[in-house]
Amino acid sequence: MFRLQSGRNLAYSLFGHSKGGELPKSVIVYFHGFPSSRYEASVFEKEAERWKAVIISIDRPGFGDSDPHPEHTITSFVKEEVPQLVSSVTESYFNSSVATPPKFSVIGVSGGGPYACSALYNWSVNPPENLPPLLSVSFVAAMPSGLYYPGSFSTLNLLTQMQYSIFYYSPIPVLKSFCLWQRSIMEDITTKYFSGNEQDKTKAIQSIKSYMLANDFDSLVRISEDGIDNLKTFMEFSRNAFKQSEEVYSQAFCTTAKQYFADPGFRLENIPTMQSGRTAKVHIFQGGKDMQVAKELGLMLSKIPDSTFHFEEKESHASLLVNCAKTIMELTVEE
């Protein structure tokens, strides 16, 4: 837990390279999906270890164990709060005697995409003190910033249009009812999964299967080559997302949903990627079968200057994250 200058607490976890012994070669700030929690980054645990990277994954206000913040905005979180936490964590690994600062990168997944966009823009325009320039930013099945103008999501598939329309047009009471309905479903599923009763666990798995594309479900139930139980990981970070009271959680959900469709103060095509004489690499990973973040949204992100679009035709939303973790990590940390 990290205490901000404002007095609020942000919860975070470290994944990958262990503290002690050899210093990590890379520091990665991880912006999780929506709704989700910091434990989502554990999908990259083994790959981060392999590349001697440490991932700093943070619960956003009102999610997981982080204190709520009714005035939360994407910009204020990225500009004012994340640098405080990241600077404190990196100082525990590195000090002024270290001649070469570590590689510094960002990964934004799904609903973490607008936060990654904001970090790339704001940390380029006004680099935070005590943090090195960004080496790279990777967007994984990620929403872009800038969905605030009419028609910006009218070309998406019908399911995505319906979901985004709820976020965009619904008054807060309606949006609150929607998020609590969604929460009740996932709470029931995760409670059964972790009950210790095999029959309940089987019911939970069948419930998840009915809500997901087959491609996503198959990627989660398969144990990875590194021995990671991806379904258990999914259940853990989903359960953690709902730890706050219904009132706190619903307020955080509604605030975040509306933020996704607010003017971020910049256009994707105008994001500067140059910091301290170095151009940050931008990688966009998109699945061809993704029904939550459609291909068109990935193409919107590709408006960012000097970005590279990686299209995985056979992957969907969760499967992209699970099946492509090795490639994502490699491209994020390489020079």
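Report on the accompanying structure. (Residues numbered from 1 in each chain as written. Predicted model: local features only at pLDDT ≥ 70, side-chain atom pairs only at ≥ 80, totals over all residues. Heavy atoms only, no water.)

Applying the stated criterion to the full structure yields eight salt bridges. Here Arg38 makes a salt bridge to Asp65, at a shortest N to O gap of 3.1 Å. Of this pair, Arg38 sits in the loop between β4 (26-31) and α1 (45-50) while Asp65 sits in the loop between β5 (53-58) and α2 (74-93), and the two are 27 residues apart along the sequence. Given the relative accessible area of 7%, Arg38 is considered buried. With relative accessibility at 22%, the residue Asp65 sits in the partly exposed group. (Salt bridge = Lys/Arg side-chain N within 4 Å of Asp/Glu carboxyl O. Helix = DSSP H or I, 4+ residues; strand = E, 2+ residues; numbered from the N terminus. Buried < 20%, exposed > 50% of the residue type's maximum accessible area, 1.4 Å probe, protein only.)

Pairing within the open sheet is mixed, and its seven strands lie in the order β3-β5-β4-β6-β7-β10-β11. Looking at which strands have only one partner, the edges of the open sheet turn out to be β3 (12-16) and β11 (307-312). For this sheet the average axis-to-axis angle between neighbouring strands, irrespective of direction, equals 20 degrees. As paired elements, β3 and β5 share five bridges and run antiparallel to each other. Looking at the pairing, Ser13 lines up with Ser57 of β5. Across the sheet, helix α3 (residues 113-125) touches β4, β6 (103-109), β7 (136-140) and β10 (281-287), and the angle it forms with β6 is around 145 degrees. (Pairing = 2+ DSSP bridges. Axes fitted to C-alpha atoms, helices over the stretch in contact; angles between N-to-C directions. Contact = heavy atoms within 4.5 Å.)

Further remarks concern the nonpolar core. Residues Phe31 and Phe139 are the most contacted members of the largest nonpolar core, which totals 73 residues. Counting residues in each nonpolar core, the second largest holds 22 residues, with Tyr30, Val140, Leu321 and Cys324 among its members. (Core = buried A, V, L, I, M, F, W, Y, C linked by side-chain atoms within 4.5 Å.)

With that settled, consider the packing of α2 against α3. Across the interface, α2 lies against α3 with an axial gap of 9 Å and an inter-helix angle of 65 degrees. By the angle between their directions, the pair α2 and α3 is classed as roughly perpendicular. α2 and α3 meet at a crossing whose hand is right-handed. Here Ile74, Thr75, Phe77, Val78, Lys79, Val82 and Pro83 of α2 lie close against α3, whose contacting residues are Pro114, Tyr115, Ser118, Ala119, Asn122 and Trp123. Along the lines of polarity and charge, the residues of the contact of α2 with α3 split into nine nonpolar, three polar and one charged. (Parallel < 35°, antiparallel > 145°, perpendicular 65-115°, else oblique. Left-handed = near helix turned anticlockwise from the far one by under 90°. Nonpolar A, V, L, I, M, F, W, Y, C, P; charged D, E, K, R; others polar.)

Turning next to the packing of helix α5 (residues 172-193) against helix α8 (residues 230-241). Viewed as axis vectors pointing N to C, α5 and α8 meet at an angle of 130 degrees, and their least axial separation amounts to 10 Å. Between α5 and α8, the angle falls in the class oblique. Remark: the crossing between α5 and α8 carries left-handed chirality. Between α5 and α8, the residues in contact are Met186, Ile189, Thr190 and Tyr193 and Leu231, Lys232, Phe234, Met235, Ser238 and Arg239, respectively. Each residue belonging to the contact of α5 with α8 can be placed in one class, and the counts come to six nonpolar, two polar and two charged.

Moving on, we get to the pairing of β10. In terms of burial, β10 is a largely internal element, six of the seven residues being buried. As judged from the five bridges shared by β7 and β10, these two strands associate in the parallel manner. By the bridge assignment, Val137 is partnered in β10 with Val282. Two elements, β10 and β11, share six bridges in a ladder whose sense is parallel. By the bridge assignment, Ile284 is partnered in β11 with Phe309. The parallel pair β10 and β11, bridged by helix α10 (residues 295-301), forms a crossover whose chirality is right-handed. (Right-handed = clockwise from strand over helix to strand, strands pointing away.)

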